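Architecture and fold: a report
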Amino acid sequence: MSLENQTVAADLLLLEALKVSPQSSVAAFLLLLLIYIFILVSNVGLVVLIFCSRSLQQPMYLLLTNMCINDVFGATVTVPHILGDLLAVSSQRYIRYVDCAVQAFCVHLHASVSHTVLMIMAFDRYVAVCNPLRYAAVMTNRTVVKLSAAAWTSAFVLVAILVGLSVRLTRCRWVVFNPFCDNASLFKLSCQSVLINNIYGLGYTVVLLGSSISSITLTYLRIAVVCLSRKNHALNRRALQTCASHLTVYVIMMVSAFIIVVLHRFPQLSEHRKVASVLGHITLPVLNAVIYGLQIKEVRQKIKAA
């Protein structure tokens, strides 16, 4: 084998695909394709609607565009690759190591941005409910831009370090036991010590989930106290309506992440874990579009007119 062929072979990884029977592969492909098209059309449609409608030029909806863009980004990172695997003739599906590292970075960036953006949206709801008279002064367009930039930048830096620590390792394995690449897939390819990876990974998880859970919990406890102390039922109903959608999305995201983490502990349930991983990347983008889309009056009116 020539040196060039050896280099190419060493750069290729074997990706473990979903176990779908030949009879079911076409149906699975069509279903996943329809879901992906819905994610693209609904989320991009919401972004266009928000930017084209003057009445929706509000901080809450401008922050929502971050979630829509992130959902399209997250689905595009994984779904097209899985669609290609479903139609592949060979049972062996290969991916270049560089592409695997890029995909892992994008997968974790999508997950991290979901948390940081939801934290900012919780802050927006806190100001709107607890300090309504100061809302216009606090949540200006400049503030929205700064908060959005902070959400993406902080997630980018955390994930860049996370994946960078895995890329630095030398490889002695070439099988990725997942339908797509993530950070765990990268450092499991190495026979070197991954102690630093585990320490930073734990710190990354504690910082991201700790700040996410604590900020969401404190925010909604404060909102609940304000609503209970206020006797205005109309305002309380409106506050509940705007906060319920945000809290529902957050709880679904946390539950799906928890299920995937738990399934990682049971090797005999690897197929269930792979399916859960794929569902985790398509369920939330679909629900975000539906939950937040139906909350926008213009969207409801268009649906009723149709």
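Residues numbered from 1 in each chain as written. Predicted model: local features only at pLDDT ≥ 70, side-chain atom pairs only at ≥ 80, totals over all residues. Heavy atoms only, no water.

The protein chain is annotated in an unreviewed UniProt entry as G-protein coupled receptors family 1 profile domain-containing protein from Amphiprion percula. The protein chain has a UniProt comment under Subcellular location (unreviewed entry) that states "Cell membrane". (UniProt positions renumbered as here; feature names shortened; annotations may be inferred.)

Some details on the sheet that holds strand β3 (residues 175-176)
If you walk across this open sheet you meet the 3 strands as β2-β1-β3, and the pairing is mixed. Each edge of the open sheet is held by one strand with a lone partner, namely β2 (93-96) and β3. As defined by bridge partners, strand β1 (residues 12-15) adjoins β3 across 2 bridges and the pair is classed as parallel. Note on β3: the bridge partner recorded for L15 is V176. Running over the sheet, helix α4 (residues 97-130) touches β1, β2 and β3 and is turned about 80° from β2. (Pairing = 2+ DSSP bridges. Helix = DSSP H or I, 4+ residues; strand = E, 2+ residues; numbered from the N terminus. Contact = heavy atoms within 4.5 Å. Axes fitted to C-alpha atoms, helices over the stretch in contact; angles between N-to-C directions.)

Section: the pattern of salt bridges
Tallied over the full model, the rule gives 2 salt bridges. A salt bridge links D11 to R96; the shortest N-O distance between them is 3.4 Å. Taken together, the residues D11 in helix α1 (residues 3-11) and R96 in strand β2 connect sequence positions 85 residues apart. As a salt-bridge pair, D124 and R125 come within 2.8 Å of each other at their nearest N and O atoms. Residue D124 is classed as buried on the basis of its relative accessible area of 1%. Classification of R125 as buried rests on a relative accessible area of 8%. (Salt bridge = Lys/Arg side-chain N within 4 Å of Asp/Glu carboxyl O. Buried < 20%, exposed > 50% of the residue type's maximum accessible area, 1.4 Å probe, protein only.)

Things to note about the environment of I213
With respect to the element layout, I213 can be found in helix α8 (residues 195-229). Each C-alpha atom of the pair I213 and H115 lies 9.1 Å from the other, and the pair is 98 residues apart in sequence. Those residues in contact with I213 that lie beyond four places of it in its chain are Y250 and M254.

Topic: the UniProt feature "transmembrane region" (unreviewed entry) in the protein chain
Here, the residues flagged by UniProt with the feature "transmembrane region" (unreviewed entry) are residues 26-51, 144-167, 199-221, 242-263 and 275-294. The distance separating the terminal C-alpha atoms of residues 144-167 is 34 Å; by composition the span is 100% helix and 0% strand.

With respect to the packing of aromatic side chains
For the coordinates displayed, the defined rule picks out 1 aromatic pair. Ring geometry for F105 versus F156: centroids 5.2 Å apart, planes at 80°, classification edge-to-face. Residue F105 is located in helix α4, and its partner F156 is located in helix α6 (residues 141-167); the two are separated by 51 residues in the primary sequence. F105 sits in the buried class, given a relative accessible area of 17%. The class for F156 is partly exposed, based on a relative accessible area of 44%. For the cation-ring pair, R171 lies above Y97, with the distance from its terminal atom to the ring centre recorded as 3.8 Å. (Phe/Tyr/Trp six-rings, centres within 6.5 Å; stacked < 30°, edge-to-face > 60°. Lys NZ or Arg CZ within 6 Å of the ring centre and 35° of its normal.)

What to know about the packing of helix α3 (residues 59-87) against α4
Running from amino to carboxyl end, α3 crosses α4 at an angle of 160°, the nearest separation of the two axes being 10 Å. By the criterion of interaxial angle, the relationship of α3 to α4 is roughly antiparallel. Pair α3 / α4 crosses with left-handed handedness. Of the residues belonging to the contact of α3 with α4, the class tally is 15 nonpolar, 8 polar and 3 charged. (Parallel < 35°, antiparallel > 145°, perpendicular 65-115°, else oblique. Left-handed = near helix turned anticlockwise from the far one by under 90°. Nonpolar A, V, L, I, M, F, W, Y, C, P; charged D, E, K, R; others polar.)

As for the pairing of β2
On β2, burial follows the alternation: R93 and I95 on one face are buried, whereas Y94 and R96 on the facing-out side are not. By the bridge criterion, 4 bridges tie β1 to β2 in an arrangement that is antiparallel. Within the sheet, the bridge partner assigned to L15 lies in β2 and is R93.

Thoughts on the packing of α4 against α6
Helix-helix packing is described using two parameters, namely the angle between the two axes and the distance between the axes. Contact geometry of α4 with α6 gives a least axis separation of 8 Å together with a crossing angle of 145°. The chirality of how α4 crosses α6 is right-handed. Looking at side-chain class alone, the contact of α4 with α6 contains 19 nonpolar, 6 polar and no charged residues.

Focus: helix α10 (residues 270-295)
Between its first and last C-alpha atoms α10 spans 37 Å; for 26 residues at 1.5 Å apiece the expected length is 38 Å, and the two agree. At L279, α10 shows its largest bend, some 30°. (Expected span 1.5 Å × (residues − 1). Bend = angle between axes of the 7 residues up to and from the residue.)

Brief notes about the nonpolar core
The biggest cluster of nonpolar side chains holds 73 residues, and the ones touching the most others in it are L64, L118 and M121. Of all the elements in the fold, those that place two or more residues in this core are β1, α2 (22-52), α3, α4, α6, α8, α9 (233-264) and α10. Of all the elements, α4 adds the most residues to this core, at 17 residues. (Core = buried A, V, L, I, M, F, W, Y, C linked by side-chain atoms within 4.5 Å.)

Some points on the side chain of R125
Topologically, R125 is positioned in helix α4. Look past the residues within four positions of R125 in its chain and what remains in contact with it is M60, Y135, Y220, I223, T242 and C243.

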